[in-house]
Amino acid sequence: MHAWDVLATMTPSEYSAIRPYLSTSSGFQSWQYREIEFVLGNKAPEMLKPHEQTPVHSALQSALDAPSLYDEAIRLLARRGFAIDQVVTERDAAQPYASDPSVEQAWLKIYRAPREYWELYELAEELVDLEDAFRLWRFRHVTTVERIIGFKTGTGGTSGVAYLRKMLDVVLFPELWKVRTDL
C-alpha cells in the first residue's frame, strides 16, 4: 500500500522519461499480482492468457483452479454445521464466486451472536479488513495512474484508468458486506 505514496510523487514528465525503459511491462501482466487476485477469489480464467507461454503458467493455473480464501472460509462454515448449499461448497473454484443465500444466512447468524461464534466472527472481520485494505490499494493505484498518465491506454493493453475503475467494483466477499445491511 505504501508503495503508492512514493509512486504518487512522480510527475507525468518524470514517468515519461522512464517509461521507454519499461518496454511493454505492466502490472496487468504481473503473475504475482494475478496469483494474489486468484487466491483472494477474483477468478477470471481469461487472465491466464498473458502468461500462456511463460514458466509460471502452470502455477497460475493451479491458483485459478484451487479454492479461494473465501471458498475455504465458506467450507469451514459448512464443517461447523451451518446449512451451506452443496452447490457452493462443491462449485468449480476456477469460476467467479456468486453470492449465495445460504452463505448469507450463515454469516447473519454469526453476526447476530458474535460471542457464540467468536472465532467465525473474528474470521469474518479479518476478511473484511483484508478486502478493505485491498480496495484501498486499488483506489490508490487508479488515482496514481490517472495522476501520472491520465487516460492513456494501459501498457498491458487495458483501457487504463477505465479498467482500473471497473476493478474498484469487484467485491471479493459479498455476503460479508451485505450482512451489514441486514443486521
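The following paragraphs examine the structure supplied in this document. The structure presented is a predicted model; accordingly, all values stated were derived computationally and were not measured. (Residues numbered from 1 in each chain as written. Predicted model: local features only at pLDDT ≥ 70, side-chain atom pairs only at ≥ 80, totals over all residues. Heavy atoms only, no water.)

**Regarding the pattern of salt bridges**
Taken as a whole, this structure holds eleven salt bridges when the rule is applied. Across the pair R138 and E37 runs a salt bridge, and its minimum N-O distance is 2.8 Å. Here R138, found in helix α8 (residues 118-149), pairs with E37, found in helix α3 (residues 31-40); they are 101 residues apart in sequence, far enough to count as distant. Taking relative accessible area as the criterion, E37 reaches 1% and is therefore assigned buried. Two residues, R135 and E131, come together in a salt bridge whose shortest N-O distance is 3.3 Å. Of this pair, R135 and E131 both sit in helix α8, four residues apart, which is roughly one turn of the helix. Look at R135 and you get partly exposed, because its relative accessible area is 27%. A residue is classified by how much of its surface remains accessible, and E131, at 1% relative accessible area, is buried. (Salt bridge = Lys/Arg side-chain N within 4 Å of Asp/Glu carboxyl O. Helix = DSSP H or I, 4+ residues; strand = E, 2+ residues; numbered from the N terminus. Buried < 20%, exposed > 50% of the residue type's maximum accessible area, 1.4 Å probe, protein only.)

**Some details on the packing of aromatic side chains**
In this description, an aromatic ring pair is defined by two values, namely the gap between the centres and the angle between the planes. Under the defined criterion, the tally for this structure stands at eight aromatic pairs. Plain terms: the ring middles of Y33 and W137 are 5.4 Å apart, the flat faces sit at 25° to each other, and that makes the pair stacked. On the criterion of sequence distance, the pair formed by Y33 in helix α3 and W137 in helix α8 is long-range, its members being 104 residues apart. For Y33, a relative accessible area of 19% puts it in the buried group. W137 gets classed as partly exposed once you look at its relative accessible area, which sits at 23%. Aromatic ring contacts, followed pair by pair, group Y33, F134 and W137 into a single cluster. (Phe/Tyr/Trp six-rings, centres within 6.5 Å; stacked < 30°, edge-to-face > 60°.)

**What about the packing of helix α7 (residues 101-112) against α8?**
Contact geometry for α7 and α8: axes closest at 9 Å, N-to-C directions at 110°. Between α7 and α8, the angle is such that the two are roughly perpendicular. The two elements α7 and α8 meet at a crossing, and its hand is left-handed. Between α7 and α8, the contacting residues are W107, I110 and Y111 on the first element and L120, Y121, A124, E125 and V128 on the second. Grouping the constituent residues of the contact of α7 with α8 by class yields seven nonpolar, no polar and one charged. (Axes fitted to C-alpha atoms, helices over the stretch in contact; angles between N-to-C directions. Parallel < 35°, antiparallel > 145°, perpendicular 65-115°, else oblique. Left-handed = near helix turned anticlockwise from the far one by under 90°. Contact = heavy atoms within 4.5 Å. Nonpolar A, V, L, I, M, F, W, Y, C, P; charged D, E, K, R; others polar.)

Such coordinate-based values are descriptive only and should not be taken to indicate function.
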